[in-house]
Protein chains: 4
Amino acid sequence: MAGTVNKVILIGHTGDDVKMHYFEGGNSIGRFPLATNEEYTNRTTGERVSNTEWHNIVVRNKAAEICEKYLKKGDKVYIEGRLKTRKWQDDKGLDRYSTEIQCMDFTFLSPKGEGMGQGNAQQGASAQPQAQPYNTNQPAQPSQGVNESDVDDLPF
Amino acid sequence: MAGTVNKVILIGHTGDDVKMHYFEGGNSIGRFPLATNEEYTNRTTGERVSNTEWHNIVVRNKAAEICEKYLKKGDKVYIEGRLKTRKWQDDKGLDRYSTEIQCMDFTFLSPKGEGMGQGNAQQGASAQPQAQPYNTNQPAQPSQGVNESDVDDLPF
Amino acid sequence: MAGTVNKVILIGHTGDDVKMHYFEGGNSIGRFPLATNEEYTNRTTGERVSNTEWHNIVVRNKAAEICEKYLKKGDKVYIEGRLKTRKWQDDKGLDRYSTEIQCMDFTFLSPKGEGMGQGNAQQGASAQPQAQPYNTNQPAQPSQGVNESDVDDLPF
Amino acid sequence: MAGTVNKVILIGHTGDDVKMHYFEGGNSIGRFPLATNEEYTNRTTGERVSNTEWHNIVVRNKAAEICEKYLKKGDKVYIEGRLKTRKWQDDKGLDRYSTEIQCMDFTFLSPKGEGMGQGNAQQGASAQPQAQPYNTNQPAQPSQGVNESDVDDLPF
DNA sequence: TTTT
DNA sequence: TTTT
């Protein structure tokens, strides 16, 4: 019954556009890589160290569509989600693991018209895409038929 | 560069005791698995789904020693840290990836004397181990010579 | 507008039982104080300092009822919510402000049967109250008629 | 001894420049208001509701100086900190309370040269102020003599 | 008003 | 491999 918490909070830059996958039944997911950077001084050697960490972000359904529409490679975004490690088999039949962040909430942080791709006609002032918060726990349309197993059985 | 955030917040149960690794120069790390649980009702099938997610927690130096001493298999603990995916080679020379949570902060949540292992003599009243918060960003002993590369070049 | 984040994460002990308030239309809120503790050594004087911080937690509707039923004075609980400062007038007509945490998520952390009050008959095994996570963003019953203004116009 | 967590995570826009206060002994704090916005649809009335929440941010010492230097009114910033409610007496001798966020970490989110004030010569490429993360738990200069009571006895 |  |  839980009593546990699994929460990830990231602010980073997208490394690519959102790749969509559509399932039968109307569900969809979007995937994109997110980079966070870390800088510190190695206390032993005194040298400045710079690391980039890449995160696999997974978004679903309506949230995925919003991300695909407004989030472009290089954009800064706030992501809140859950850690999930998927097990899959490589072409040699060996077990492989991939850790993803299942996005539950996001907020675009890139200013409109800068770093948001060029010529995106949908970015009307009324839509304010650069500042769109999204919470995937919002009451969804029950008719949409969200099926968790769609995501868990991904062949990629 | 930065301007980014990489934060993980977990509350879960340890799946094993802390395994310590000591490096030349006095540094050390501790590792342990942490389980978080998720329960929800599949909206399509209506069935109750229960998932366990396992997280690889890595703690360093003094924090690692405190965890090894007081954290026992099955204990509940709050972990705050950063996501880091390590690349390593398996015995066939293939690239493999493992995502870890580098623990920056923790707080024991298991009540004293229950679920904290049996007969742990070190749990004196003055230590109050079950409620010990820890922040790895606290000013550490500069003489300790923390070496980041110790952790990054792990052969396991 | 948004593009903003307002998030509070607390683990603490309740200082009192949950006080419920019921509104016309079926909505309700529950309130309780939550204590977090801080200990540190004053770097100037070298003395050990211990502070208790009290937080005003506000929960709504079904979540409030669950808290009232299972959360007892002294229990440990994880709270996730939003900061909200309410303005009100004291008996002299002066503006006063009160900052609250509007709870969006919670998880009970006190073990069953310990620190959960005595003789609470409702704590059946099937309910597993001590480990009940709750997310107020879950699709609520639309018939419930949640009215935000109920909470904003509180006379207390 | 704690076993508690008191954490606030905010992304918002500053409502004013940073106001500095210097103490004897070399300590200092900076204060500034931060706005977060919330939009939702009232489920009862169906109307769109927009709320702005103001937070009192308090930063210390070196972090305060960095904020004063690079954070301008209107800038977007990520703040991580702790909730603290201060008690003070108004001019009639009545107890008043003010809740503040004691900033432990921050990251500037406004792009360089936009929304960061005009003519800030210090914003050299090497400083990269728009993306400067800061953690107040970093080992501070012990000679700095941080005195917690400075902040707790504020006359404002 | 909590907890250790 | 945890917990409820």
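Residues numbered from 1 in each chain as written. Chains lettered and ligands numbered in written order. Predicted model: local features only at pLDDT ≥ 70, side-chain atom pairs only at ≥ 80, totals over all residues. Heavy atoms only, no water.

Turning our eyes to something else, we now look at the interface of chain C and chain B. As a measure of interface size, the accessible area lost when the parts come together is often cited. Between chain C and chain B, the contact holds eight residues from the first and eight residues from the second. Taken together, the links from chain C to chain B amount to zero salt bridges. At the boundary of chain C with chain B, the tally comes to zero residue pairs in polar contact (both at pLDDT 80 or more). Looking at the side of chain C that touches chain B, the elements that each hand over two or more residues are β1 (5-14) and β5 (76-89) of chain C. The class makeup of the residues in the side of chain C that touches chain B is six nonpolar, no polar and two charged. (Contact = heavy atoms within 4.5 Å. Salt bridge = Lys/Arg side-chain N within 4 Å of Asp/Glu carboxyl O. Polar contact = N/O pair within 3.5 Å; in protein donor to acceptor, adjacent residues only side chain to side chain. Helix = DSSP H or I, 4+ residues; strand = E, 2+ residues; numbered from the N terminus. Nonpolar A, V, L, I, M, F, W, Y, C, P; charged D, E, K, R; others polar.)

Right, let's get into the side chain of D:Ser28. Residue and element names in this part refer to chain D. When you line up the elements, Ser28 lands in strand β3 (residues 28-41). The buried category is assigned to Ser28, whose relative accessible area is 1%. The contacts of Ser28, once residues within four sequence positions are left out, are Met20, His21, Tyr22, Phe23, Val59, Arg60, Asn61 and Glu65. (Buried < 20%, exposed > 50% of the residue type's maximum accessible area, 1.4 Å probe, protein only.)

It is worth spelling out the packing of aromatic side chains at this point. In this structure the tally under the stated criterion is four aromatic pairs over all chains. Ring plane angle 25 degrees and centroid distance 5.3 Å describe the contact between C:Phe106 and C:Phe108, whose orientation is recorded as stacked. (Phe/Tyr/Trp six-rings, centres within 6.5 Å; stacked < 30°, edge-to-face > 60°.)

Mapping between the two copies of the chain is achieved by a rotation about an axis and a shift along the axis. For the pair chain C and chain D, the relating rotation is 180 degrees, the translation along its axis is 0.0 Å, and the fit reaches an RMSD of 0.1 Å. Those values place the two copies in the arrangement expected of a two-fold rotation axis. Within chain C, the C-alpha atom positioned nearest to the axis of rotation is that of C:Val8, 2.2 Å from it. Here 100% of the contact residues of chain C are again contact residues in chain D; the copies associate through an equivalent surface. (Least-squares fit on C-alpha atoms with pLDDT ≥ 70 in both.)

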